[in-house]
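# An overview of the molecular structure
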Amino acid sequence: MTSPSPRPGIMDITPYAGGESKLTGFDRVIKLASNEGALGPSPKAVAAYQAEAVGMHRYPDGSAADLRLTLAARFGLNADRIVCGAGSDELLQLLVRGYAGPGDEVLHSQYGFLIYPIDAKASGATPVAADEVNLTTSVDRLLAAVTERTKIVFVANPNNPTGTYLSVAEMKRLRNGLPDHVLLVIDAAYAEFVDRNDYSAGVDMVEAGDNVVMTRTFSKIYAMGGLRLGWAYCPPAVADVLNRIRGPFNVASAALAAGQAAIEDVDFADLVFRHNSYWREWFVRELGLLGLESVPSVTNFVLVRFPKTAGQNAAAADLHLRGKGIIVRPMRSYGLPDYLRITIGRDDEMQAVVAAFQEFRGA
Ligand SMILES: Cc1ncc(COP(=O)(O)O)c(C=O)c1O
């Protein structure tokens, strides 16, 4: 008897494993494993979400018109070029489905977000990784890895899990060095946390031509990861492709309403930004005092390096934190076994992590 077999590539996928959220023996844990919003969502977004509940028998507006207009007004964009999705994950997947298939290559950087090779394989395309330099995307190595089969280049800017970023000049150099037929996808999930004046999320690059897309999410600074909402800013032809292949009602009505309220609550986003910048700097300084090196981060997480010494390595540190009810993200699946990725949390959470590390380091 033969059984149904999936398309080539599917069984090569290692399923994405999200951060853990439970620890046996702890009723409450400190979860700093998934780059979620430290302060939770805007109370206005929560109110908008709740107000939608009684209307859940109605299908949502499949065109997400109001949210697209809100985003356009807030960020000075053309609403027709915006496509909303159930998380930016959905949009990344749709971009691969729309533009790459068997025989095509999807290029990403060595420590790029793990979803890119998964999406490539799911569409039957071949993922290709270009080495990084100093845990930072290398434009030269990406360009050197381009072949006539390359259809998409994914760059997370800033990148997860490294926390590093590329300047506007580097991103433009990348685009200028790519053949015109290659789609450059700038995944700017952490854009709102960046406080550098040589950074841009990529709107200008999208508008400058027809082969750059920028994706954004409500899961990070807006702290709505559980609701699944993201958006893409696209050249008109790419928006057209996404609108043809996405589900007709891919974003829930409660997510649309909460997203609109979140974007309008500028004060809350500012508060989260300031909280993040303050505690990121504090955390990196405290780690430094304990002799722990961290990768310079412009995001809401920090990649921390541990010595290889038994008892002092990343695995031992992870075990020690877990013993205190603190969950962070081990980096073995990214090929970075000496590192832990730690999300910036609330004040008390950051203090608890540093106290746990002080004990671990014998300080
Ligand atoms: C770089 C990057 N892109 C995209 C995503 C997916 O975000 P969403 O929750 O919008 O699907 C994440 C989530 O961690 C991310 O780190």
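Preceding this section is the structure that the text describes.
Throughout what follows, the structure given in this document is the object of discussion. (Residues numbered from 1 in each chain as written. Predicted model: local features only at pLDDT ≥ 70, side-chain atom pairs only at ≥ 80, totals over all residues. Heavy atoms only, no water.)

Another point: the overall build of the chain. Each helix and strand counted, the chain has 12 helices and 13 strands in total. Its C-alpha atoms give the chain a radius of gyration of 21 Å, near enough to 21 Å, the size a compact globule of 363 residues would have. Seen along its three principal axes, the alpha-carbon backbone of the chain occupies a region of about 60 × 60 × 50 Å. Counting over 363 residues, the chain shows a buried share of 53%. By element, 52% of the accessible surface of the chain is carried by carbon and sulfur atoms, the whole surface being about 16,300 Å². Of the side-chain charges in the chain, 35 are positive and 40 negative, and the distance between the mean point of each set is 3 Å. (Helix = DSSP H or I, 4+ residues; strand = E, 2+ residues; numbered from the N terminus. Rg over C-alpha atoms; globule rule 2.2 N^0.38 Å. Buried < 20%, exposed > 50% of the residue type's maximum accessible area, 1.4 Å probe, protein only. Areas by Shrake-Rupley, 256 points an atom, 1.4 Å probe, with all protein chains shown as cover. Lys, Arg positive; Asp, Glu negative; His and termini not counted. Charge placed at Lys NZ, Arg CZ, Asp CG, Glu CD.)

This part covers the site of the ligand. Surrounding the ligand, one finds Gly87, Ser88, Asp89, Phe113, Asn160, Asp187, Ala189, Tyr190, Thr217, Ser219, Lys220 and Arg228. When the free accessible area of the ligand is taken as 400 Å², the share hidden by the protein chains comes to 94%. Residues that form the shell around the ligand fall into these classes: three nonpolar, five polar and four charged. (Near = heavy atom within 4 Å. Nonpolar A, V, L, I, M, F, W, Y, C, P; charged D, E, K, R; others polar.)

So, about the environment of Asn159. Within the element layout of this structure, Asn159 appears in the loop between β5 (150–156) and α6 (168–177). Once the C-alpha coordinates of Asn159 and Val284 are considered, the two residues, 125 residues apart in sequence, prove to be 18 Å apart. Residue contacts for Asn159: discarding those within four places in its chain leaves Tyr111, Gly112, Phe113, Glu132, Thr164, Thr299 and Phe301. A polar contact of 3.1 Å, which involves the side chain of Asn159, links it to the side chain of Thr162. (Contact = heavy atoms within 4.5 Å. Polar contact = N/O pair within 3.5 Å; in protein donor to acceptor, adjacent residues only side chain to side chain.)

Okay, the sheet that holds strand β9 (residues 293–294) next. Ordered by their spatial adjacency, four strands build an open sheet running β9-β10-β13-β12, and the pairing between neighbours is antiparallel. Of all the strands in the sheet, the pair left with one neighbour each is β9 and β12 (329–330). In this structure, β9 lies alongside strand β10 (residues 301–305), joined through two bridges in antiparallel fashion. Counterpart to Glu293 in the pairing with β10 is Arg305. (Pairing = 2+ DSSP bridges.)

Leu67, Arg68, Thr70, Leu71 and Ala72 are the residues of helix α2 (residues 65–75) that are buried. Here the buried face of α2 lies against β2 (82–85), β8 (230–233) and α9 (253–264). Residue Gly76 follows α2 closely and has a positive phi angle near 65 degrees.

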